Amino acid sequence: MRKAALIILLLCSITTSSQNCNYTLSGTVMDLHDGSLLEGAMLIVSDTGQEVTTDLDGKFIIPALCEGQYSIQVSHPFCLTKGFVVNVSQNTIKTFRLEHHLEELNEVIVKGKAYSDKSNTKLVKELSEANLERYSSATLGDALNSISGVSSLNTGNTIVKPMINGLHSSRVVIINNEVRMQDQEWGTEHAPNLDINTAAKISVIKGAGGLQYGGDAIGGVIIAEAAKMAVKDSLFGKTILNGATNGRGGALTTSLTKSFESGWYGTIQGTLKRFGDFEAPDYELSNTGLFERDFSIRAGINRFDYGLEAFYSFYKNEIGILLASHLGGAQDQVRAINSDVPLIINDFTYDIMAPKQDVTHNLARIKGYKRINNFGKISLQYDFQRNNRLEFDIRRGDDRDKASIDLQLDTHTLLLDLDYKLFQLISLKSGILGRYQKNFADPSTGVRRLIPDYDKYELGIYTLGEYSFNDHWLLEAGVRFDYSYMDVLKFYRTSFWEARNYDELVPEIVVEEFNNQILTNPQPDFNNLSASLGATYTFSNNYKLFLNYGLSSRAPNPAELFSEGLHHSASRIELGDLLFESEIGHNISISFQKKAGAFVFAINPYINTINNFIVLEPTGIQQTIRGNFQVWEYRQTNAQLLGFDVDINYNFNKFFGLYSQFSLVKGYDRERDEPLINMPPVSTKNALVYQNQKLNNLWVQLQSEYVFRQNEFPDNNFEVFIPETGTTELVDVSTPPPAYHLFNFDATMDFKMNSKSTLGLGFTISNLLNTSYRNYLNRFRFYADDLGRNFLLTLKINY
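One numbering rule holds for all chains: residues counted from 1, following each sequence as written. Local features in a predicted model are, by the rule used here, given only for residues with pLDDT of at least 70; side-chain atom pairs are given and counted only at 80 or more, and totals for whole chains, interfaces and linings are based on all residues. Hydrogens and water are ignored here; the side-chain numbers use all heavy atoms of the structure.

Considerations on the sheet that holds strand 2 (residues 42-45)
Phase 1: One open sheet holds the four strands; their spatial order is 3-2-5-6, and the pairing between them is antiparallel. What marks the edges here is a single partner per strand, and that holds for strand 3 (51-53) and strand 6 (82-88). On average, adjacent strands in this sheet sit at an angle of 25° to one another, irrespective of strand direction.
Phase 2: With seven bridges joining them, strand 5 (residues 68-75) and strand 6 adopt antiparallel strand pairing. Counterpart to Gln69 in the pairing with strand 6 is Asn87. Note: two strands are recorded as paired if DSSP finds a minimum of 2 bridges between them. Each helix corresponds to a stretch of at least 4 residues labelled H or I by DSSP, and each strand to a stretch of at least 2 residues labelled E; elements are numbered beginning at the N terminus. Axis lines are fitted to C-alpha atoms, over the contacting stretch for helices. Their N-to-C directions set the angle, which ranges from 0 to 180 degrees.

Things to note about the pairing of strand 23 (residues 356-372)
Phase 1: Relative accessibility thresholds used throughout: buried, under 20% of the residue-type maximum; exposed, over 50%; partly exposed, between the two (1.4 Å probe, protein chains only). In terms of burial, strand 23 is a largely internal element, 13 of the 17 residues being buried.
Phase 2: In this sheet, strand 23 lies alongside strand 22 (residues 306-320) in antiparallel orientation, the contact comprising 15 bridges. Each residue of the ladder has a partner; that of Phe314, found in strand 23, is Asn362.
Phase 3: Sheet topology note: the strand 23/strand 24 (residues 376-392) ladder contains 17 bridges and is antiparallel. Pairing of Val359 across the sheet is with Arg389, part of strand 24.
Phase 4: What sits between the antiparallel neighbours strand 23 and strand 24 is a turn of three residues, in which Asn374 has the positive phi angle 60°.

Here we look at the sheet that holds strand 13 (residues 179-180)
Phase 1: Reading across the sheet, the five strands line up as 8-14-15-12-13 and stay open at both edges, with mixed pairing between neighbours. What marks the edges here is a single partner per strand, and that holds for strand 8 (124-127) and strand 13.
Phase 2: Relative to strand 15 (residues 220-225), strand 14 (residues 201-206) runs antiparallel, the two being bridged by six bridges. Within the sheet, the bridge partner assigned to Ser203 lies in strand 15 and is Ile223.

Section: the state of the cysteines
Phase 1: Cysteine sulfurs are considered disulfide-paired once they come within 2.5 Å of each other. This model, assessed by the stated rule, comprises one disulfide.
Phase 2: Residue pairing for Cys21: its cysteine sulfur links by disulfide to Cys66, the two sulfurs lying 1.8 Å apart. One quick way to see it: the torsion about the S-S bond of Cys21 and Cys66 is about 100°, and its sign makes the bridge right-handed. Separated by 45 residues along the polypeptide, Cys21 in the loop between helix 1 (2-17) and strand 1 (23-31) and Cys66 in the loop between strand 4 (59-65) and strand 5 bring together distant segments of the chain.

Things to note about the environment of Asp442
Phase 1: Locating Asp442 in the fold gives a position in the loop between strand 26 (426-441) and strand 27 (453-468).
Phase 2: Put simply, Asp442 and Ala403 are 39 residues apart on the chain and 9.8 Å apart in space, counted from C-alpha to C-alpha.
Phase 3: Counting of polar contacts relies on pairs of N or O atoms within 3.5 Å, with two restrictions inside protein: one atom must be capable of donating a hydrogen and the other of accepting it, and residues adjacent in sequence are counted only when both atoms are side-chain atoms. Among the polar contacts listed, one links the side chain of Asp442 to the side chain of Ser444, at a separation of 2.8 Å.

Section: the side chain of Lys206
Phase 1: Relative to the assigned elements, Lys206 resides in strand 14.
Phase 2: With relative accessibility at 8%, the residue Lys206 sits in the buried group.
Phase 3: Among the polar contacts made by the side chain of Lys206, one reaches the main-chain carbonyl oxygen of Ser148 at a distance of 2.6 Å.
Phase 4: Side-chain polar atoms of Lys206 contact the side chain of Asp645, separated by 2.9 Å.
Phase 5: Contacts were defined at the residue level, with two residues in contact if any of their heavy atoms lie within 4.5 Å. Every residue in contact with Lys206, bar those within four places of it in the chain, is listed here: Lys122, Lys125, Ile147, Ser148, Gly149, Ile164, Asn165, Gly219, Gly220, Asn604 and Asp645.

As structure tokens, then:
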């Protein structure tokens, strides 16, 4: 028996020693949602104790494995640790996918993540959720003003229109939760109808190049993104309450999210803002209050290989227009412009009276995607938007409460996108778009319609490609074609029709002639080709050089083509031209970036040459039955904009840092050899920051903002006859206001309430020294100073 046992043990040892233990397990670790490779992920083989980490490309290799079954734990910062069971019978290749942890949703700084829907050859500026929360009671334009090269065209302080490197309105595309906004963005006093509290991050791509969003983004693209949803069982939310002294109001926003391990999720969110009349340092700005109500809901299923999401948002904002900007006779206009204070100053009130805007925007979207092995990802999206804009003028009698402008714009869009790889070397993204839009101008207002009824049809197709030559060079190129056609019914005054010589140039569009009006049926169509070519060179982990050329093509918008009448909320008469052609832009930009270490910086020079550039400028004053109003006319010219933006951050130590921005842009009319109107003046911002995570995450900032006087501007002054005096006076609408210097203070702290809840406190003082100033880009600078000092207290609860 002993001999038999010995023989059995010997055979077992021979079998064990002969087993092959030279197998390898290799592969990659990637994000569950977008497939991005995860550097620094740790893999632990529980059975053998082996530990390895992924390299820069998310790759790993575990050597010396025997045949058998292994339990492997995979972990990564801000990801949920996950266990896998792998059978090894030969050299084995596996891909492990991890779910990003919820802490990622609250990160303070978003670093270097290249999303497939943004340019990789242009420097993309981002505002994280923590930064956006500081502007929860303000507007999208206010938040974007914190980015170098981004300013705003203001109508008072409540209508804030983003401007990128001197360009705005239809030249800047805004994406809200994957939907291109269609909210009558052509008006200079039409602010984006977007609640900033629905976004977890906002990105800005400066200049032409975001072809997947449209070939008409001559100025750039603004992308507001919702938070990513974790594939796990969770319930969380946040509430932010603001109170402000200037305007004696505040805002309340709250959201609640539920997610499941199965991938299903849902979010509900709402915002309420209420302010009364705001104040300049020395007087009330009468009738400048606002009342905003917003709501959104989002639900869907989120898996790696497929997903479906539905989203709906409701936005409603009632905005008062400075009473002193709506005046009667020509003499009042001259007095207002020459006066140091508004001609109308009333006591504070929360009431919002005419003149005012009342805007409602509904947005609904449904999107699904499917990943196909060894092919790519297909996405299909339908979205619907309804924008209703009411503009109220000061009217008498039975029309007292009736809007002077009532526009309803309905937009239907269908998008099909495909992400795929060609020969496993080139990443490609292609798509096709179809859009139908209907505008209805309600004639029951009893006022001549500024924008006519029209049906608009659009078709777009694009392809983008990306190729990495090596670890240093990345090349990106794209091309896009857009076709648009409009079917318009427009009444023209006979005098205007003949003055523009339309009776000889386009007599075929006349439908019917009346006593003093002509009904026409213009049917303009535009073929627009856009393209981009860019490259990125990475010197090391810290330095990058971005090179980009963009060809953009933008069809004239309805306001530029068909405006003919009094724009009530703008308090001016606007005149378009139906013979306008498409703008053609050539944008060249270079960006040099150092993104790590105590000293980081980004330098971004650019030049933008635009043929057939459409400019809106004042030309005189016209008498109407409502009173005297400035006349602003659209015209086309060849323009050139050039400038540069600089960002510098220096951390003295782990507590103190210095942050600086500098922006310069110059715009010129090359046909008239003169500066363009409404170009942002040179500006610089500098901030000293103290932060201490151990002291309740204390963050304190003292900021200096200096805006130089705009010394280059066109002479659009005109003379007007004053009947009361029988004299002619010069109306100066050109000379910019003086330079100004503002100081701002910010501080935040976090307090742990329990294991799952935190309380954040924030305190902000804007215009700390209560400086009186006027902003060149504020249309109300003719009538009043900008805002005085404001104290803002913010309470935020995460739960």
